Amino acid sequence: MSLMSNVELIIIALVVVGISKWLHRWYNPKIKCNGMLPPGSMGFPIIGETIEFFKPCGQLEIPPFFQKRMLRYGSLFRTNIMGSKTVISTDSDVIFEIFRQENQSFVLSYPDIFVKVIGKDNLFFKTGNIHKHIKKTTMHLIGSAGLKRNMIGTMNQATREHLRWKASEGAFDLKDAVSNLITSYMTPKLISNLKPETQTKLMDNFKAFNIEWFRSPFDPSTWKIIYKVHKARRDATEVIKEALKKRKESREKHGDFLDTLLEDMEKEGSIYDQESVISLLLIIGAISKDSTSFTTALTVNYISKNPKVLAELKKEHEAILQKRENKEAGVSWEEYKNNTTFTSMGKDLRSGSKTLMVFGGGMRQCVGADFLRLQMTVFLHHLVTTYDFSVVQECQMIRTPLPCLTKNLLINISPKSPK
C-alpha cells in the first residue's frame, strides 16, 4: 500500500472519529451545573426537531409536537429547535414557578434566532431586576394610571374615527384595521412633534416590525418576512435615534413617552442608555398592535357565530349608553371598570391564575395586558352600539405553534338606524 493511500485512510479515519464525537455531543448535550437533563430527543443534527415543531394544528387542540412528547417523556422534556438546545415544560405549576422565580431557580433565555431578528440590545433579553424597572417606566404609558390619565380619551376618539371611515369603505380586513388604528394614535404617544412624513415613515416601520416571521424556516416566505422585519427595525432605529438626538439637544418637553425615558436616562444608576431607549420604543410601538389586533379579530369572528353572546354583549354596552348623559362621549374609565363584566369575562383573566396565563406571570407578566383589555373594550363598545356588522369572510385560527389566522377576517359595517 502506498504512502498516499495510508495518508488518505488516516484522514478518513480522523473525519469519521470527528463526526462521531460531534454526533455524540449533539445527542448527549452537557449542562454546566449539577443535575441531569430531562429525557427527550435532540432530533436530526443541526435542524433538530424544528420541522415537527412548526407543523400547524387546530386552535383548541394540543399541538401534536407536544402531545407526542408528553406521552413519551412526561411534562418536562428536552429538544432542539432552530439550532437552540431547549427544555420545554407543559406543567402549569412548573410554568407558574418559572415565571415567579426568574433568576432564582430559573433563568429565562430565548433562541438565538429571536436575538438576531429583534436585536441584541433588546431589553426583554436581559435578566435580573431590569424588568422591574421596565415595568415601572412603561406603566407611565400603558399601566392603569397612564391609560386612565392619557390614553382612554385618545382610544375613544381614534376608534370612533376609524370605524366611521371604514363604514364608507365596504368590506375590510378587521385585523389590519385595528392594527392601523392602534399605530395611528400610539406613535405620537411614544414620540410626538415629528414631521408628518417622518411620523408616517415611523408608523410604517412599526407596522412592518411584527412577529409573523416566527414560522417554519423551511417555508421560503419566512425569509422574505424576516428581511422586511430586519429592514423595518433598522429604519425605525434611525428615525428614533434622530428624534432622541434632537430632543436631548433642544431640552424641549412634549409630554410623550420619550420625555419619560429621557428623564430616566439622566437619573443616577439608570438602566437606560441610547440603545435600550430605542429598543423599548420600538418594541412598544410594534407589539402594542399585534396581539390586540389579532385578539380583536378572533373575538369579532367568535361573536358573529354566537348570537347569544352577541346579544349579551350588546345588552351590556347599550345599558352603558343609556345611563350616559352625553351619548356621543366614549367609554369612561368608571364605565370600563364597573360596567363591563361580560365583556371582560370575569375572574379567569385575573393576575396570578395558573389555569390561564395568557399574559405570562411574575416579572415577565405582560406590561400591555391592561392596554389590550381596554382597547378591545373600547372597540367593541363603539362597534356594537353604533354599527351593525356582518362577516363577509370568516377566519380560522391555527397554531404554528404561535396562533395565526388562515384568512383575513373581512367584515362590513353600517351605521345603526335611529330608534
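Everything quoted here is computed from the prediction, not taken from an experiment.

A look at the overall build of the protein chain
In terms of regular secondary structure, the protein chain is built from 16 helices and 8 strands. Pairs at least 24 residues apart make up 67% of the contacts formed inside the protein chain by residues separated by at least 6 positions. Carbon together with sulfur atoms contributes 56% to the accessible area of the protein chain, which is approximately 23300 Å² in total.

Thoughts on the sheet that holds strand β5 (residues 387-393)
Neighbouring strands of a sheet are bound in pairs by backbone hydrogen bonds; such pairs are parallel or else antiparallel. The sheet built from 3 strands is open, its strands ordered β4-β8-β5 with antiparallel pairing. Sheet topology places β4 (172-173) and β5 at the edges, where each strand pairs with a single neighbour. The sheet contact formed by β4 and strand β8 (residues 410-415) spans 2 bridges and is antiparallel. Bridge pairing in β8 links Asp173 to Leu410. Packing against the sheet, helix α7 (residues 144-167) makes contact with β4, β5 and β8, and its axis sits at approximately 60° to β5.

Some words on unusual backbone geometry
A cis amide bond links Thr400 with the next residue in sequence, Pro401, at an omega value of 0°. On the secondary structure map, Pro401 appears in the loop between β6 (397-399) and β7 (403-405). Phi is positive for Met82, close to 55°, though the residue is something other than glycine. With a phi angle near 60°, Arg251 is a residue other than glycine that sits in the positive phi range. Within the secondary structure, Arg251 sits in the loop between α10 (220-250) and α11 (257-265).

Here's the deal with the sheet that holds β7
Pairing is antiparallel in the open sheet, where 3 strands are placed in the order β1-β6-β7. Of all strands in the sheet, those bounded by a partner on one side alone are β1 (57-58) and β7. Sheet topology places β1 next to β6; 2 bridges connect them, and they run antiparallel. If you follow Cys57 over to β6, its bridge partner there is Arg399.

Overview of the UniProt feature "binding site: heme" (unreviewed entry) in the protein chain
With numbering matched to this structure, UniProt assigns "binding site: heme" (unreviewed entry) to Cys366. Mapped onto the elements, Cys366 comes out in the loop between α15 (341-344) and α16 (369-386). Judged by its relative accessible area of 39%, Cys366 is partly exposed.

A closer look at the packing of helix α8 (residues 174-190) against α16
Viewed as axis vectors pointing N to C, α8 and α16 meet at an angle of 115°, and their least axial separation amounts to 13 Å. By the angle between their axes, α8 is roughly perpendicular relative to α16. Handedness of the α8/α16 crossing: right-handed. Between α8 and α16, the residues in contact are Leu174, Val178, Leu181, Ile182, Tyr185 and Met186 and Phe371, Gln375 and Phe379, respectively.

Here's the deal with the nonpolar core
With 83 residues, the main nonpolar core has Tyr185, Met186, Leu190, Ile191, Trp213 and Leu281 as its most contacted residues. When neighbours within four sequence positions are excluded, Tyr185 is seen to be in contact with Met151, Thr154, Met155, Ala158, Phe371 and Gln375.

Quick word on the packing of α8 against helix α12 (residues 274-304)
Contact pair α8 / α12: the axes reach a minimum separation of 8 Å and the direction vectors enclose 150°. What the angle tells us is that α8 and α12 run roughly antiparallel. Between α8 and α12 the crossing geometry is right-handed. Packed against α8, whose contacting residues are Leu174, Lys175, Val178, Ser179, Ile182, Thr183, Met186 and Leu190, the element α12 presents Leu281, Ile284, Gly285, Ser288, Lys289, Thr292, Ser293, Phe294, Thr296, Ala297 and Val300 at the interface.

Details of helix α9 (residues 196-208)
Along its 13 residues, α9 runs 18 Å from first to last C-alpha, staying within 8% of the 18 Å computed at 1.5 Å per residue. Against α8, α10 and α12 lie the buried residues of α9.

Details of α12
Taking 1.5 Å as the rise per residue, α12 with 31 residues should run 45 Å; its terminal C-alpha atoms sit 46 Å apart, in good agreement. Counting buried residues in α12 gives 23 out of 31 residues, a clear majority hidden from the surface. With a side-chain oxygen positioned 3.3 Å from the backbone nitrogen of Glu275, the residue opening α12 is Asp273.

Topic: the pattern of salt bridges
Scanning the model with the defined rule gives 18 salt bridges in all. The residue Lys253 makes a salt bridge to Glu263 at a minimum N-O spacing of 3.6 Å. Of this pair, Lys253 sits in the loop between α10 and α11 while Glu263 sits in helix α11, placing them 10 residues apart in sequence. Residue Lys253 is classed as exposed on the basis of its relative accessible area of 57%. The network of salt bridges with shared partners includes Glu49, Glu52, Lys68 and Arg69.

A few points about the environment of Ile398
If you trace the backbone, Ile398 turns up in strand β6. According to the relative accessible area criterion, Ile398 is partly exposed, its value standing at 23%. In this structure, the C-alpha to C-alpha distance between Ile398 and Cys57, residues 341 residues apart in sequence, is 5.7 Å. Not counting the four nearest positions on each side in its chain, Ile398 is found in contact with Pro56, Cys57, Pro403, Cys404 and Thr406.

Some remarks on the side chain of Thr222
With respect to the secondary-structure elements, Thr222 resides in helix α10. Look at Thr222 and you get buried, because its relative accessible area is 2%. Setting aside its immediate chain neighbours within four residues, Thr222 contacts Trp213, Arg215, Ser216 and Pro217.

Scoring rules and cut-offs
- Residues numbered from 1 in each chain as written.
- Predicted model: local features only at pLDDT ≥ 70, side-chain atom pairs only at ≥ 80, totals over all residues.
- Heavy atoms only, no water.
- Helix = DSSP H or I, 4+ residues; strand = E, 2+ residues; numbered from the N terminus.
- Contact = heavy atoms within 4.5 Å.
- Areas by Shrake-Rupley, 256 points an atom, 1.4 Å probe, with all protein chains shown as cover.
- Pairing = 2+ DSSP bridges.
- Axes fitted to C-alpha atoms, helices over the stretch in contact; angles between N-to-C directions.
- UniProt positions renumbered as here; feature names shortened; annotations may be inferred.
- Buried < 20%, exposed > 50% of the residue type's maximum accessible area, 1.4 Å probe, protein only.
- Parallel < 35°, antiparallel > 145°, perpendicular 65-115°, else oblique.
- Left-handed = near helix turned anticlockwise from the far one by under 90°.
- Core = buried A, V, L, I, M, F, W, Y, C linked by side-chain atoms within 4.5 Å.
- Expected span 1.5 Å × (residues − 1).
- Polar contact = N/O pair within 3.5 Å; in protein donor to acceptor, adjacent residues only side chain to side chain.
- Salt bridge = Lys/Arg side-chain N within 4 Å of Asp/Glu carboxyl O.

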